[in-house]
Every structure is written in C-alpha cells, then in structure tokens.
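Listed here are the chains, written in short residue letters.
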Amino acid sequence: MQLPELTASTFSEHGALAAANPNYRPRAGQLQMAQAVARTLQDGGALVVEAGTGVGKTFAYLIPSLLSGERILVSTATKALQDQIYFRDLPFLRKALGISLNAALLKGRNSYLCPYRLELAESELDGASTAEVRWIGQVRQWATTTVTGDMSEMPGFVERSPHLPLVTSTRENCLGAQCPSFTQCYVNKARREALGADLVVINHHLFFADMQVRETGMAELLPSVRAVVVDEAHQFNETGVNFLGEQWSNSQLMDFARETLRTGNKLARGLGDWAQLVYQVDEACKRWMRCLGEGTNIRLSWGLDAPERVKADAWQAALQEQASSLQALEDALQPVAASAPELARLHERCQLHRQKAQLFQTRPRAGRVRWVELGGVTIRMVESPLDIAGDMRTRWGLAAAEATTDAADAADASAEKPAARKAAEATEAQSHAWIFTSATLGADPQLSHFTQACGLEGAQVLQVPSPFNYSKQSVLYVPSDMPDPKEVGAHGRAVAALAAHGAQALGGRTLVLTTTLKALRLIGDALREELLATDAVEVLIQGEMSKQRLMERFREPVPDKGYVLVASATFWEGFDVPGDALQLVVIDKLPFPPPNDPLIQAKARKYEESGQSAFARLFVPEAAIALKQGAGRLIRTESDKGILVLCDPRVVEKGYGRQLLANLPPMSRMRSAANFSEAVKRLAASRLAGTG
C-alpha cells in the first residue's frame, strides 16, 4: 500500500486513530493535509501548508511521517510545542499505530544544566546574593535526580530566571571536549541520542545552527535525514535572518571581560595584568556606548560609516579603541592559552570579539542591512540579510528555484558559493522532502509573502480552512464611532472604555491586544480607571509579572474574580485559552509593521527600487498575517463562542481594508454599539445558562 493510501486508512472512521480514541471524528481538512504530506514524503519536494485553527495539523504531519519509515526532523519555534510533540503526541501515536520508534528531543544549549558551570557557581558563592545562593542550592538538589538535565523539569523553574546563566552554558563559554565535566555533559548526551534517533524534535534555532556547523565541515549536531517538517513556520524566516546575520552586544563583551578577569586571576595569576587589560576593554566599551546615547526599545538605522545620529569620526575612533584593547588582551591570552581549556576558550572568544569590533567599523556588506538596538542598559549591533531566500534556495532543491533568482539575490551569500558546490547541493536536495506549516503564512492564495522570503517559490502550496463554524461561533465588531488611531490619547481611552464595558458584562474574560508598548501602558492605565469600582474584574498588564504567570492567572480565574489582560508582542500568537475563560478579544488598531524599523525600511526600498509598491507588497501582507494571528486567540475549539473587536476605522474606510478583512475567519459582522452591548449580554447569559 502506498503511503497516501496508508495514511488515509489511518484517519478513516474505522482506522487506528478511531480505535485508539473513542472521541475521534474524521476531519476532511486534516485528511487533505495528511495526504499532501504523505505524497511529499513519498515523492520528495517541498510542501507549504497553511492549516487553520482546529485542523489538527500536528497529527496531519506526524502520522504520515511515522508511517513513512523515514528518519524525520521536526522543527518548531517554541519549547512548548517541542514538549507537546515529544511528551504527549508521540507516545500516543506510537501506541495507536503500533510503531516502535526511537525519538529524541533536542533543545538549545541554554536549556540544559551544565555540571561544570554549576560547580563553578558553587565555588564562588562568597560573592553571590542570597537569592543566588538559595537558587543554586535548589539546582544542586535537583541535579542529583535528573536524567536529562533539561532545566524545565526542575520544580519551580522560571524560563526567564536571571540566575539561569550561572548553571547553563552558551556557544561562547562552552569548553567542548576540553571541559572537565564533558563526560557528564547533558547537551552532549542529548546530541548523541539525537544522532541515533529515527525522529528528532528540535527548534528553528538548532536547525540553522546545524546548517552553519555543516558549512564549516565540523561534526553535525543533528542526524542526516531525508525529510524535515517545519512547524510554526511563520517564524522560520525571522529566526533564520537573526541566525545568519552578525550580532554583537555590550552585554556579551562585558560578560566576556568579567569571565576573563576571574579566570585569569584564578588560572594565570602573575602571567598577565588582567585587571588593567580588562579595564581597558571596559573603558573602550563605555566610549562607543556613549556615542550612541540613551534609549529603550529603539532601533537606529545605519548609514555608510556609522549609525544614524552618531558622528562617523567619533564612532570609528571608539570602535578602533575597542579593537586595540581586545588585541592587547588577545596577545596576553595567547601565551597561556595552552595551559588550561578555560584560557584557550577565552583566547578564541577574544579573537571573535575583536573581529566584531573591526566588522562594525566597516560599511555594511552588499545585500545586507545593519542597525543598532538600544534596550536601556543593553546595546546590540546587528547586520543581517533581508530574508533567508538567497541562503536557502539551493537547499530546497526545487526545479523553479533557479528561474526565480533575481539580480538582487546574486549579491547574497549563496551566490558566492562555487558553482559545483551549488549544483551538488541542489542535486542532493531534490530527493529530500520539506514540509512547512502554520496557521498563518500569507495574505494571498500563493502564500507568496512566506514562500518568497524563504526561497520556496517552487513549492506546492496548500491552504486548509478551519473546521470551525465562525459565522455561528463568533462576531466581528468594528465600532463606527472610534476616534482616528492617530489621535493616540483619545483613541486609547476609547479602546479602554469599550473593553471595560465588555469585561463588566462578561465578568472579565477579555484580552486586549495592542500594537505598541506605548498603547499598552495607556490602555492598561485607562482600563484600571474604568474598572476602579468593580471588584469582580482585575486588570492584568504585560510586564508587571512574567508571561507564564500572566497566562496562568488569566486561564484559571479565582471564584468571583475575572480578568482583563492587556498585552502586546508575543501574546498575539501562542496564547491558547480554550473554553469560556476568553470570550472577548479587542485589538487596538491594524498591526502594520513599524515604518522606521531598519529591516522594514530596507525591504521597502528593495520593492520600490524594482518598481513595486512597498505598501501593497510588504506592509499590507505583514498586517494581514499579524491580524489573523491576533484574531486566532478567540476561537480555539468547536464549542467556543466570542466577539472580536477591531478598533480601527481604516479597515472599513480604506481600500486595503477589504484584503485585511478577507484574511480573517468568516465571522458575522456588526458596527452598532447597541448591537455590541446586546451581544456581550447574550454571551454572558448563555454561559451562565450553560449553553455557550
């Protein structure tokens, strides 16, 4: 039996899934996607699937992957989905399908306990804070019981704990095979298991890290596979752009300097004036930081010789001083590098930092964009490609790839490869199967916004709609009397008043998504004023506690207390609240990308230079995808009911509004404030009656 037919029988009403789960019901969209995946696995090539909420896309790609007998790599954007696939989905499917499968879960280096770093932290407790001492003690207690070393398994673990770097390693400070604790290394153990596995669940960062390692000819991190599935593919290009570019920050440099001082005094005391050398590095760093000035959440574009608003002469002198200070430190580390693995690694890191200082003195390379991010105390310099298309086209092995490569791409890194090597890569890739999937990938039937950015113009494209009955389960309300979003204060207060009205009727159960941090604060404060006299509803604002804690509070309200969550950025996607804990989603305005963002500016210039409209080709598709992601927070199951409010009159007044609305699920629509008031009352009443 061919793989597509075997897949179809598994999804049938009398198949293996139905036998394993009495509640299973066949879904046409899920079967359509699964068979497309099966054909791609069987024949090779690339498949891009946009699968609406509720399709069941994870099983739609996992089942044909497991039935294929191929070695499979599954890449996701988030650790949460990695854990779901490995710990929940794969055990169920192995049992349901009767398959004996060796699977492995591989996360980034900083997800695993580093025994050497833990010992180092314990040896330096004299200068540690009380919180650090307590936390390191908890880690040591857990370390005696762990098998995997995965920090997320530690009781009470907080993903963004400031203490985490004390006991985990980075690419910069890892000692590799020279580490005294190498035989106990959990990262190395996880990689060995991955290399021998039939199916490996990784994340996008590891995918690009492995690609980069293979480019150098070093040992790969991941097994050689014929088939790769990329889930949460809407983040794939952004991850690749960040990884394939160059980055350098003051925090990286200062961490290196502090570690050099500590290690030099410990392992090479008297063999170098470590305090003076590190002081010179620190002073040089402060000098170029002063050139940039102060700011938080600001991106500065880069001219030819320096970032905007920075004098080129001063910038060049500051970075030259930095390079010189690093050269002096490198010269001091070179004679002692062979005496200890820690000193050898510091010598290598010093060389890399010096090279970064020299790189950012030069002009940006052709086909790349450069900028500086100011984040309060952290300053980060970035040089990246506009997208990953040029680097990835030959890897996909698509017949149409060469025909779509334009003159601009000739400047990309991939075009610099020798012709023989490019041809070999393309030949090898043609037999591979590549599957990319997400709930939101584009604003047109060809999903061109995604495929062009990733070099997948020759891929097969499939759109599978959600099985939910949106016209009965949800309503879209676009207020007819909302102020113009340009009137920031008036608009923010109007959004808060509307959200407060809905939240009072529903007893909370409201998510307000904002497009900027300024709007987040304005609307959050205004909402608290609106609901000041209402003890039954509490306003939660992103930034006032961890994302994890905010999600927990919102999903599990206490008796007689409901919540309004005001959030931005990461809450537009990946925030899943099924059931009636969320019944109202309010979006403050259309989520166009910021026009002053250097990467957006560079992409816009590329479109304009080719005679195309940057607004039509870039800004509208970006807004459509983000809007669809935000709207997707509302209906998560077949029984959910709710209201989506879009507080931006442009969506009905401007011509592009039709395209944006067309990309939303087919919800019922209303414009009247009276109808909205009646709708939230009915929603609340149906919930209390147990019918909604």
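Our structure is the block above this text.
Nothing here was measured: the structure is a model prediction, and the numbers come from that model.

Conventions used here
Residues numbered from 1 in each chain as written. Predicted model: local features only at pLDDT ≥ 70, side-chain atom pairs only at ≥ 80, totals over all residues. Heavy atoms only, no water. Helix = DSSP H or I, 4+ residues; strand = E, 2+ residues; numbered from the N terminus. Rg over C-alpha atoms; globule rule 2.2 N^0.38 Å. Buried < 20%, exposed > 50% of the residue type's maximum accessible area, 1.4 Å probe, protein only. Contact = heavy atoms within 4.5 Å. Areas by Shrake-Rupley, 256 points an atom, 1.4 Å probe, with all protein chains shown as cover. Lys, Arg positive; Asp, Glu negative; His and termini not counted. Charge placed at Lys NZ, Arg CZ, Asp CG, Glu CD. Pairing = 2+ DSSP bridges. Axes fitted to C-alpha atoms, helices over the stretch in contact; angles between N-to-C directions. Phe/Tyr/Trp six-rings, centres within 6.5 Å; stacked < 30°, edge-to-face > 60°. Lys NZ or Arg CZ within 6 Å of the ring centre and 35° of its normal. Parallel < 35°, antiparallel > 145°, perpendicular 65-115°, else oblique. Left-handed = near helix turned anticlockwise from the far one by under 90°. Nonpolar A, V, L, I, M, F, W, Y, C, P; charged D, E, K, R; others polar. Polar contact = N/O pair within 3.5 Å; in protein donor to acceptor, adjacent residues only side chain to side chain. Salt bridge = Lys/Arg side-chain N within 4 Å of Asp/Glu carboxyl O.

Q: Kindly report on the overall build of the protein, identifying the contributing residues and their values.
A: When helices and strands are counted, the protein shows 27 helices and 18 strands. Here the C-alpha radius of gyration of the protein, 27 Å, is about what a compact globule of 692 residues would show, namely 26 Å. Considered along the principal axes of its C-alpha atoms, the protein spans approximately 80 × 65 × 60 Å. Here the protein holds 692 residues, and 52% of them are scored as buried. Across the protein, the fraction of contacts at a sequence separation of at least 24, relative to all contacts at a separation of at least 6, is 77%. As displayed, the protein has an accessible area near 30700 Å², and 51% of this comes from carbon and sulfur atoms. For the protein, the centre of its 74 positive side-chain charges and the centre of its 77 negative side-chain charges are spaced 2 Å apart.

Q: Got a sec to walk through the sheet that holds strand 11 (residues 460–464)? Specific residues and values, please.
A: Pairing is parallel across the open sheet formed by 7 strands, whose spatial order is 3-4-2-5-10-1-11. The sheet is open, and its two borders are formed by strand 3 (103–105) and strand 11, each paired with just one other strand. When the angles between neighbouring strand axes are averaged without regard to direction, this sheet yields 15°.

Q: Help me get a handle on the packing of aromatic side chains, residues and values and all.
A: According to the stated counting rule, one finds 22 aromatic pairs in the structure shown. Ring centres 5.3 Å apart and planes at 80° place the aromatic pair Phe207 and Phe208 in the edge-to-face group. Each member of the pair, Phe207 together with Phe208, is buried. Sitting over the ring of Trp302, Arg370 keeps its end group 4.9 Å from the ring centre.

Q: Describe the packing of helix 20 (residues 488–506) against helix 27 (residues 673–688), with residues and values.
A: As a packed pair, helix 20 and helix 27 sit with axes 8 Å apart at the nearest point and diverge in direction by 25°. One element, helix 20, and the other, helix 27, form an angle in the roughly parallel class. Like other packed secondary-structure pairs, helix 20 and helix 27 cross with a definite hand, here right-handed. Facing helix 20, whose interface residues are Leu498, His501, Gly502, Ala505 and Leu506, helix 27 presents Phe676, Ser677, Val680, Leu683, Ala684 and Arg687. Of the residues that constitute the contact of helix 20 with helix 27, the class distribution is 7 nonpolar, 3 polar and 1 charged.

Q: Could you give an account of the sheet that holds strand 7 (residues 296–301), with specific residues and numbers?
A: Strand order in this open sheet of 4 strands is 6-9-8-7, and the pairing throughout is antiparallel. Looking at which strands have only one partner, the edges of the open sheet turn out to be strand 6 (246–249) and strand 7. With direction set aside, neighbouring strand axes in the sheet form an average angle of 15°.

Q: Can you explain the packing of helix 4 (residues 57–68) against helix 5 (residues 79–97)? Please cite residues and give values.
A: At a closest axis distance of 11 Å, the pairing of helix 4 and helix 5 adopts a crossing angle of 55°. Compared by their axis directions, helix 4 and helix 5 come out oblique. Crossing hand, helix 4 versus helix 5: right-handed. In this structure, helix 4 uses Thr58, Phe59, Tyr61, Leu62, Ile63, Leu66 and Leu67 to contact helix 5, whose residues at the interface are Gln84, Ile85, Asp89, Leu90, Phe92, Leu93 and Leu97.

Q: Break down the side chain of Ser474 for me, citing the residues and quoting the values.
A: Summarising the element assignment, Ser474 is placed in strand 12 (residues 474–477). For Ser474, a relative accessible area of 1% corresponds to the buried category. Engagement of the side chain of Ser474 in a polar contact is seen with the backbone oxygen of Tyr470, the distance being 2.7 Å. Here Ser474 is in contact with Leu634, Ile635, Gly642, Met667 and Ser668, once residues within four sequence places are set aside.

Q: Before we move on, could you go through the pattern of salt bridges and cite the residues and values that matter?
A: Throughout the structure, instances matching the rule amount to 30 salt bridges. The residue Glu246 makes a salt bridge to Arg365 at a minimum N-O spacing of 4.0 Å. Taken together, the residues Glu246 in strand 6 and Arg365 in the loop between helix 14 (341–359) and strand 8 (368–375) connect sequence positions 119 residues apart. Residue class for Glu246 comes out partly exposed when judged on its relative accessible area of 26%. Judged by its relative accessible area of 39%, Arg365 falls in the partly exposed class. Connected through salt bridges with shared partners, the residues Glu246, Lys356, Arg365, Arg370 and Glu383 form a single ionic network.

Q: Which residues make up helix 8 (residues 186–195), and what values do they have?
A: The α-helix winds at 3.6 residues per turn, so residues separated by three or four positions along the chain end up facing the same way. Those residues of helix 8 that fall on the buried side of the exposure criterion are Tyr186, Val187, Asn188, Ala190 and Ala194. On its buried side, helix 8 packs onto strand 3, helix 6 (115–123), helix 7 (130–143) and strand 4 (199–203).

Q: Explain unusual backbone geometry to me, and be specific about the residues and the numbers.
A: At Glu232, a position not held by glycine, the phi torsion is positive, near 50°. For Glu232, the location among the structural elements is in the loop between strand 5 (227–230) and helix 10 (236–244). Note on Glu232: relative accessible area 15%, which makes it buried. Phi at Asn297 takes a positive value of approximately 55°, unusual for a residue other than glycine. Relative to the assigned elements, Asn297 resides in strand 7.

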